[in-house]
Amino acid sequence: MTPVPKYETEPCHVVDEAAVGLGYATASASLARGSVLCVDGPAAVAWDLVAGEIRDALEYRGLLVNLLDIREHFAPWPEILAGTASAVLEEDPDFAPLAEAGLADLLGQVPPVAVEDDAVTIVFGPGAALVRHDRLWYADLPKRYAEAEITAGRGRNLGQPIGTGPGTTRRLFYIDWPVLDRHRDEIAGDIDLWLDTQDSRTPAWIEGPALRKALAHLANRPFRTRPTFNTTSWGGHWAQERLAFNRAAPNTALGYELIAPESGILVGNPDGPRVELPLQLLVALHPEEVLGGDVHAMFGTSFPIRFDYLDTVGGGNLSVHCHPQPDYMRSVFGWPYTQHETYYMMVGGPQRRVFLGLREGADLEEFRQEADRAVHEAVPFDIERYVQTFPAEQHQLFLIPAGTPHGSGEGNVVLEISATPYLYSLRFYDWLRTDREGRQRPVHVGHAFENLNPDRTGDAVARDLVQQARELRAGPGWREDLIGRLPEMFFEVRRFELDPQATASDATAGAFHILNVVHGDGVEVETDSGHRYVLAYAETLTMPASVGAYRVRALGHGPVRYVKALVR
């Protein structure tokens, strides 16, 4: 019998072709005199250290080395600011339209490189691939590091010189990351070596051909992305206590199980070196295998569904907020699709609550006045005069289409199954919370009321957004229910219930599935092609469209429930 699995904080995928090495000496062993090595990557990489270590490894071999820092050739900072500015949201302190510029647009001029027959020339920094080269490396650092540095006031934005102030998350999220991601995806086919610089002095690395073979294998088998939990002012402790995650952190508020713009996939040897590869890179190189043909046609290379946790056990209420209406999302923020959401209650109870929809007859003008007063005069108000609450019953799914006010109350664990755009929580009220400097956390009353849907009100909320399970199909010891579907939402959520040791059959049928075990000990997933994956309670598994038929068997001695999300 398969043993009961435990939640894995660093799931690693063993792929035969993914031979992972360690250190600069072995990575640079094939570099020769008279060659140009370009090392590209995001702005957050410790570039001086990385370039210096590569130089030292080559000099130890007796090679001469010339260094060229591409960051010194970016356009002047005022020109970068002007070139990435937009009249839309120009004065907004928190949001910006997604940048459409290319990385080449931020460089003043691509510098010429003088090749010396007796030396290795190393060009390093974001955009280095734009220089003529013999070898191309990509030095990566997962996005969570950049966000942590910017939030702490130590990081700078793409192209920002020293002495121009700290970087901002506004530029990081909406300008730097889109520009850098597009650039990385464009050069992915030419990368000769991928460096994972989470340990800058001894990076793990994988050669380009092995990298691309590893990603091709992942596109045809179940995989898990590396989970990450962040701390916030309302955060709880469920993940620390139940999943043994980040026990030293103040709390485990936001758990990113699967979120395409940020998630990574660990590849290598579970007991040895491994590299973390961006999920978005996998989708960019293999969109039809991962997404399916129809989903790829709808969303391009954007992976459109995300799974994350909102942990308020022992914490506080989330802000009451909404997400942009589709037209507003396109015209103001620049995303082609909007942030419809659902809340699945992993942990809750009849005494806990979820804020959802407007009260019947709510005075929206008065609501706006009280929300403005809270922001400008720090006057609290009773949000429940305007927004309904529902009991946060365990295993209930709440549907949250764009424009619907909502938020989780204290004491819950929400599995948030939603559309991928994830940076657009437009807050009506945040309980007058303050940041580390004592300032109120950002509240976006103008944006929120521009997007508020007044039709999500009264009894219609309970009827349309708090749906009951409807059986779709069943077999010996198992049943599949539809638990959430709305015409305006492009994805739906289903739930399987399995008796002990029962096996359910399923198939991707040309579109990816995402699974998460919400009750019980876990499941074993097996595909027709022979790939197996054991999934523990609370873990999330992506089933690429290319997988086809698969089976899911309950583990342990009790019943198991898992949810499945798919694009309709």
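Residues numbered from 1 in each chain as written. Predicted model: local features only at pLDDT ≥ 70, side-chain atom pairs only at ≥ 80, totals over all residues. Heavy atoms only, no water.

**Student:** I keep staring at the layout of surface pockets and nothing clicks. Help me out?
**Tutor:** To find leftover empty space, one rolls a probe the size of a water molecule over the atoms. Within this model, the second largest pocket holds a volume of roughly 920 Å³. For the lining of the second largest pocket, the secondary structure elements donating two or more residues are α2 (47-60), β6 (135-140), α5 (143-151), α6 (169-187) and β12 (274-278). When residues of the lining of the second largest pocket are assigned to their parent elements, the largest contribution, six residues, is made by α6. Grouping the constituent residues of the lining of the second largest pocket by class yields 28 nonpolar, seven polar and 14 charged. (1 Å grid on protein atoms, 1.4 Å probe; cavity = no way out; pocket = protein on both sides within 12 Å on 5 of 7 lines; lining within 4 Å. Points joined across faces, edges and corners; volume = space filled by probe spheres on them. Helix = DSSP H or I, 4+ residues; strand = E, 2+ residues; numbered from the N terminus. Nonpolar A, V, L, I, M, F, W, Y, C, P; charged D, E, K, R; others polar.)

**Student:** Please clarify how the sheet that holds strand β5 (residues 119-124) should be interpreted in this entry.
**Tutor:** Strand pairing in a sheet is mediated by backbone hydrogen bonds. Such pairs are either parallel or antiparallel. Read across the sheet, seven strands follow the order β2-β8-β7-β6-β3-β5-β4 without closing on themselves; strand pairing throughout is mixed. What marks the edges here is a single partner per strand, and that holds for β2 (21-22) and β4 (64-69). Here four bridges tie strand β7 (residues 193-196) to strand β8 (residues 204-207), and the two strands are oriented antiparallel to one another. Paired with W194 across the strands is I206, a residue of β8. Contacting β3 (36-40), β4, β5 and β6, α2 runs over the sheet at an angle of about 165 degrees to β5. Against the sheet, α6 makes contact with β3, β6 and β7, and its axis sits at roughly 140 degrees relative to β6, the strand it touches most. (Pairing = 2+ DSSP bridges. Contact = heavy atoms within 4.5 Å. Axes fitted to C-alpha atoms, helices over the stretch in contact; angles between N-to-C directions.)

**Student:** Explain the pattern of salt bridges to me, please; I cannot follow it from the model alone.
**Tutor:** Should their charged atoms come close, side chains of opposite charge can pair. On inspection of all chains with the given rule, the structure shows 44 salt bridges. Two residues, D372 and R368, come together in a salt bridge whose shortest N-O distance is 3.0 Å. Taken together, the residues D372 and R368, both in helix α13 (residues 364-377) and four residues apart, mark about one turn of the helix. Residues E524 and R553 are paired through a salt bridge, measuring 2.9 Å at the closest nitrogen-oxygen approach. Linking E524 in strand β27 (residues 522-527) with R553 in strand β30 (residues 549-554), this pair joins segments that are 29 residues apart in sequence. Like R553, E524 is buried. Taken together, the shared-partner salt bridges connect R473, E480, R485, E492, R494, D506 and K564 into one network. (Salt bridge = Lys/Arg side-chain N within 4 Å of Asp/Glu carboxyl O. Buried < 20%, exposed > 50% of the residue type's maximum accessible area, 1.4 Å probe, protein only.)

**Student:** Can you help me understand unusual backbone geometry in this one?
**Tutor:** Leaving glycine aside, a negative phi is the common case for residues, and trans is the common case for peptide bonds. Here L89, not a glycine, exhibits a phi torsion of approximately 65 degrees, which is positive. Examined against the element boundaries, L89 turns out to sit in the loop between α3 (77-83) and α4 (103-106). Residue L89 is classed as buried on the basis of its relative accessible area, which comes to 13%. If you check the backbone angles, H395 has positive phi at about 75 degrees while not being a glycine. Tracing the backbone shows H395 in the loop between β17 (387-392) and β18 (397-400). By relative accessible area, which is 13% here, H395 ends up buried.

**Student:** Help me understand the sheet that holds strand β10 (residues 254-258), please; the structure alone is not making it clear to me.
**Tutor:** The six strands are arranged β9-β10-β13-β20-β15-β18 in an open sheet whose pairing can be described as antiparallel. At either end of the open sheet lies a strand with only one pairing partner, and these are β9 (228-230) and β18. Recorded for the sheet is a direction-independent mean angle of 25 degrees between the axes of neighbouring strands. Here four bridges tie strand β15 (residues 341-347) to β18, and the two strands are oriented antiparallel to one another. Bridge pairing in β18 places Y344 opposite L397.

**Student:** Help me out: how do you make sense of the nonpolar core in this one?
**Tutor:** Most often, soluble globular proteins keep nonpolar side chains buried together rather than apart. Counting 141 residues, the largest nonpolar core has I305 and M346 as its most contacted members. Ranked by residue count, the leading element in this core is α6, at eight residues. Excluding its chain neighbours within four sequence positions, the residues that come into contact with I305 are L258, I417, S418, T420, F490, F491, F512, I514, A565, L566 and V567. By size, the runner-up hydrophobic cluster in this structure holds 23 residues, among which are L31, A51, W137 and L193. (Core = buried A, V, L, I, M, F, W, Y, C linked by side-chain atoms within 4.5 Å.)

**Student:** Hey, could you run me through the side chain of E257 in this one?
**Tutor:** Inspection of the secondary structure puts E257 in strand β10. You can call E257 buried: its relative accessible area is 1%. Non-local contacts of E257, meaning those with residues more than four positions away in its chain, are made with Y7, R224, T225, P227, S263, F307, D308, Y309, A538, E539 and T540.

**Student:** Looking at this model, I keep getting lost on empty space enclosed by the protein. Mind explaining?
**Tutor:** A full pass over the atoms with the stated rule returns one cavity of 30 Å³ or more. In this model, the largest cavity occupies a volume close to 100 Å³. As for the largest cavity, its lining consists of P142, K143, R144, R226, T228, N230, Y256, I259, E262, S263, G264 and E276. Looking at the lining of the largest cavity, the elements with two or more residues in it are α5 and β9. For the lining of the largest cavity, the per-class residue count stands at three nonpolar, four polar and five charged.

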